[in-house]
Every structure is written in C-alpha cells, then in structure tokens.
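Each chain, letter by letter, is given below.
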Amino acid sequence: MDLTPDPLFVQLRKALRAGLAGVTALDGVHGAPVADGASGPTRTVLDDLGAADFERPASAGGLGLGLTAGALVSEELGRAACGNSYRADAMAADLGGPAGAALAGLESLPTGTGVVATPRGNGWELTGTATVDDVDPGTLLVATRTDGRPVLVAVARGAAGRSTESGCWPPVVRFEATPVTAADVVGTLDDSPTGPLARARLRQAAHLLGIAEGAHQVAVEYAGFRRQFGTRLRDLPAVSFPLARAMVALRATRAAVYWAAWSVDSEPDEVGTAPVMALATAAETARDVVRLSMQSCGVRAMTAELGLHRYFRLAAAESVRYGDPAALWRMVGAERVRTARRAAAGEGSLVTAAARR
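Overview of the structure. These numbers were taken from a predicted model, which means no experiment stands behind them.

1. Here we look at the overall build of the protein chain
Argument step 1. Within the protein chain, the regular secondary structure consists of ten helices and ten strands.
Argument step 2. The C-alpha extent of the protein chain, read off along each of the three principal axes, is 75 × 55 × 40 Å.
Argument step 3. Looking at the protein chain as a whole, 49% of its 357 residues are labelled buried.
Argument step 4. Taking the contacts inside the protein chain whose residues are at least 6 apart along the sequence as the reference set, 71% of them involve residues at least 24 apart.
Argument step 5. Carbon and sulfur atoms form 55% of the exposed surface of the protein chain, whose accessible area is close to 15,900 Å².

Structure (structure tokens):
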C-alpha cells in the first residue's frame, strides 16, 4: 500500500469539502439532524462531482477509482455532519440495481433477519420493520433472507403493506405482508471479502470515521478559544489529554478503514475479515469520540451553536446501521476459530492474513 497522498484524491477531498460547506445545516436541537435521501441537499453536491461514476469500472463508463474513492466520499459526508446519500446508489451499482433507491434492513445480524420473507405463491411476503435513510423513499432496497440466504429485494413506492413512519429519526419503514417476486431480487448479500456487503460496510465505516473526525475538530477548535480559570480549555490536562487520545483512536481507525478499502481494490485475496473489523472499530470510535467531544465542550455542546448535537445523533444511529459492533466482533472471532481449525486439520499450511491480524 502506497502511503503517499494521491493528488487526485487530495483534489477530490478539497472539492467535496468546498461543496459540502455550502449545504444548509439543520440547526434544531430536536428533530432530524440531517436531510437525507434522493432529494437531500448533499445529492446536488455529489451529482455535480459525478460521484456516481467514481467506483464504476471504466469498462462500464465509470472512472474506475475503486472503493477508496467511495470511502473518501463517505468520510467527507460524515465529517460535514451530513447523512450518507452516496451509499445507496453505490451499493445498487455493485448489484446492478436501480439508482435513486434507499436502503433498509441492513442493521440486523445475521444480515437480512430484520425483515422476514415468507414464501407465498411465486414469491414472498415481507413482514417487519427497518430503518431507512429517506423520510419519503421511492424504491426501497430491503435486506431480507430467502431460501436461507441474504438478498436485497426492490420494493416499489406504493407497494401493498408498505408504510413509512417519518415522525421519528431515523425514519422507519414497515412491511405487512408486502408481496415481492423473484424478479424483485436485486442480488445476493454474501459475506465474500470483496462482495457488495463488504464494500458497503467499508463505506459505512468511512462515514462513521468522518462523523468522529468532524466532532473532534469542533471540540478542538472550541477548546482552543474558550477560556476557563484564566487559561484556554485546551491547555487544561483534563481536556487536552482525552482529546489527544481521541486523535490517536481516529488515526488508528483511519488506517484500518483505508487499508481495508485498498485491500479490496488491490489485494482481494488478502482481505479476510478486514471490512467487518473496520466497521466495528469505526462504530466504537465514532460513539466514543463524539461523546468525549461533547464532554470537552460542556454545556455548550447541547446548543445548536456548535452543531455537536448533529454528530451525536448521527453517531448513535449510524453506528448500528450495518450491525451492532459486538455482533460484528463475534463474526470476526468465529472466522478466526474456523481458520485455526482448518489450519490444524492440515487444510492450509498458512493461516490467512485476516486471521493473523
């Protein structure tokens, strides 16, 4: 992995920050902290930059920048305290699904167990509830399980039994015997190291990393000019030491996320459980760093002035959107046990790179 900054990605990051700086923030302490979905304000920024083509292969008319570019976009959206309006289209493109859709049901592990698909006639009926990005979604890409395997199913707006509750945040979609057929199955969400689900997990990990970075930056800036006991808050060990430890956690998480993204792009045989570990690490880092950042700012963190409430609510909702960290770590542990057993049985002379990490 080349640790030298890529000039193209440096320019892309600058363009994203400039564009997202012009997005109007929701200042209310209560209610939804972001406006997300296909009609959200960040979609205009992404469309102007042609973000939909970043990960698409050059053979398909895209730019072929790989998952690293997708992680960068997701990180900058989180850093700006915005929802991730990029991930749904990127995952749909990975599976050859429709653009402009919203994702639902990916927060349950094992993947797809939150919405139950019951066989009926020539298809299934969906029952259950799941969080969704958009308050008024069009087509939904719903994670469920058919024939024992996790799949992504497209459910059109107006489908029978489908309803959205937008009075809460994140919004919730409900299914009551909603009919779908085999033709609605967009693709399979297997646990292959470089499959659509692994790629989606890394985009989510980058988004969580960005949320933590944004909150930390706000806290550091505030502690730099706010004075207490005749000195800046940042000069007090009780404030500066935790902020320094948070910086270390952020850099370690960034290394895990971008190393995993690079591996998916360049060394697919060495990926292993890196996407799962990156997402679990980022989820824990986001919750811890955002909470610490709010503590560093004291009562001011609870007002709309600093905007930390948006980071706090985003971290709380997004950290479990692709699976609770504890469940993700159990997946990593189970894979390591399986790898060790295979090695002990003589099925492989070398333990995989994922098991060694």
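2. As for the nonpolar core
Argument step 1. Membership of the largest hydrophobic core comes to 83 residues, with the highest contact counts inside it found for Tyr86, Leu103, Leu106, Leu141, Leu152, Leu308 and Tyr311.
Argument step 2. Once residues within four sequence positions are removed from consideration, Leu106 is found in contact with Met91, Thr111, Ala143, Leu189, Leu197, Arg321, Tyr322 and Gly323.

3. A closer look at the pattern of salt bridges
Between side chains of opposite charge, a pair can form when the charged atoms approach closely.
Argument step 1. For the structure shown, the criterion picks out 23 salt bridges.
Argument step 2. The closest approach of N and O atoms between Arg254 and Glu75, which form a salt bridge, is 2.3 Å. Taken together, the residues span a long stretch of sequence, with Arg254 in helix H6 (residues 237-266) and Glu75 in helix H3 (residues 67-79) at a distance of 179 residues.
Argument step 3. The exposure class of Arg254 is partly exposed, given its relative accessible area of 29%.
Argument step 4. For Glu75, a relative accessible area of 0% translates into the label buried.
Argument step 5. The residue Arg321 makes a salt bridge to Glu318 at a minimum N-O spacing of 3.0 Å. The two residues Arg321 and Glu318 agree in class, both being buried.
Argument step 6. The network of salt bridges with shared partners includes Arg13, Arg17, Glu75, Glu76, Glu213 and Arg254.

4. What to know about unusual backbone geometry
Argument step 1. Going from Leu109 to Pro110, the amide bond is cis rather than trans, its omega being 0°.
Argument step 2. Mapping Pro110 onto the fold places it in the loop between strand S1 (102-104) and strand S2 (115-120).
Argument step 3. Here the bond from Trp169 into Pro170 is cis, since omega is -5°, no more than 30 degrees from zero.
Argument step 4. Along the chain, Pro170 turns up in the loop between strand S6 (162-165) and strand S7 (172-181).
Argument step 5. In this structure, Ala177 is a non-glycine residue whose phi angle is positive, near 55°.
Argument step 6. Overall, Ala177 belongs to the partly exposed group, its relative accessible area being 37%.

5. Let's talk about the environment of Val73
Argument step 1. Tracing the chain through its elements places Val73 in helix H3.
Argument step 2. We classify Val73 as buried; its relative accessible area is 0%.
Argument step 3. Separated by 134 residues in sequence, Val73 and His207 place their C-alpha atoms 8.2 Å apart.
Argument step 4. When near neighbours in sequence (up to four residues on either side) are disregarded, Val73 contacts Leu16, Leu46, Phe54 and Tyr86.

6. Regarding the side chain of Ser296
Argument step 1. With respect to the element layout, Ser296 can be found in helix H7 (residues 274-297).
Argument step 2. Beyond its immediate sequence surroundings of up to four residues, Ser296 is in contact with Leu233, Val239 and Leu243.

7. Quick word on the packing of helix H4 (residues 87-95) against helix H5 (residues 196-225)
Helix-helix packing is described using two parameters, namely the angle between the two axes and the distance between the axes.
Argument step 1. Their axes nearest at 10 Å, the elements H4 and H5 cross at an angle of 165°. The angle between H4 and H5 falls in the class roughly antiparallel. Where H4 crosses over H5, the two elements pack in a sense that is right-handed. The residues of H5 that touch H4, namely those facing Arg87, Ala90, Met91, Asp94 and Leu95, are Pro196, Leu197, Arg199, Ala200, Arg203, Gln204 and His207.
Argument step 2. The residue makeup of the contact of H4 with H5, split by class, is six nonpolar, two polar and four charged.

8. Here's the deal with the pairing of strand S5 (residues 149-155)
Here is the key point about a regular strand: its side chains alternate between the two faces of the sheet.
Argument step 1. Most of S5 is tucked away: six of the seven residues are buried.
Argument step 2. Summarising the sheet, strand S4 (residues 140-146) and S5 pair through seven bridges and their orientation is antiparallel. Its bridge partner being in S5, Thr144 is matched across the sheet by Val151.
Argument step 3. Judged from the three bridges that link them, S5 and strand S8 (residues 185-188) form a sheet pairing that is antiparallel. Looking at the pairing, Val153 lines up with Val185 of S8.

9. Brief notes about helix H9 (residues 325-344)
Side chains three or four residues apart in an α-helix point the same way, a direct result of the helix having 3.6 residues per turn.
Argument step 1. In a regular helix each residue adds 1.5 Å, so 20 residues correspond to 28 Å; H9 covers 29 Å between its end C-alpha atoms and thus fits that length.
Argument step 2. For H9, the full list of buried residues reads Pro325, Ala327, Leu328, Val332 and Thr339.
Argument step 3. Between the side-chain oxygen at the start of H9 and the backbone nitrogen of Ala326 there is a gap of 3.0 Å, and the oxygen is on Asp324.

10. Considering the environment of Val271
Argument step 1. Turning to its location among the elements, Val271 is positioned in the loop between H6 and H7.
Argument step 2. Residues Val271 and Ala261, spaced ten residues apart in sequence, show a C-alpha to C-alpha distance of 8.9 Å.

11. So, the side chain of Asp89
Argument step 1. As for its position among the elements, Asp89 is in helix H4.
Argument step 2. Residue classification places Asp89 among the buried residues on the basis of a relative accessible area of 17%.
Argument step 3. Dropping the residues within four chain positions of it, Asp89 is found in contact with Arg43, Ala99, Gly100 and Ala101.

So, how was this worked out
- Residues numbered from 1 in each chain as written.
- Predicted model: local features only at pLDDT ≥ 70, side-chain atom pairs only at ≥ 80, totals over all residues.
- Heavy atoms only, no water.
- Helix = DSSP H or I, 4+ residues; strand = E, 2+ residues; numbered from the N terminus.
- Buried < 20%, exposed > 50% of the residue type's maximum accessible area, 1.4 Å probe, protein only.
- Contact = heavy atoms within 4.5 Å.
- Areas by Shrake-Rupley, 256 points an atom, 1.4 Å probe, with all protein chains shown as cover.
- Core = buried A, V, L, I, M, F, W, Y, C linked by side-chain atoms within 4.5 Å.
- Salt bridge = Lys/Arg side-chain N within 4 Å of Asp/Glu carboxyl O.
- Axes fitted to C-alpha atoms, helices over the stretch in contact; angles between N-to-C directions.
- Parallel < 35°, antiparallel > 145°, perpendicular 65-115°, else oblique.
- Left-handed = near helix turned anticlockwise from the far one by under 90°.
- Nonpolar A, V, L, I, M, F, W, Y, C, P; charged D, E, K, R; others polar.
- Pairing = 2+ DSSP bridges.
- Expected span 1.5 Å × (residues − 1).
- Polar contact = N/O pair within 3.5 Å; in protein donor to acceptor, adjacent residues only side chain to side chain.

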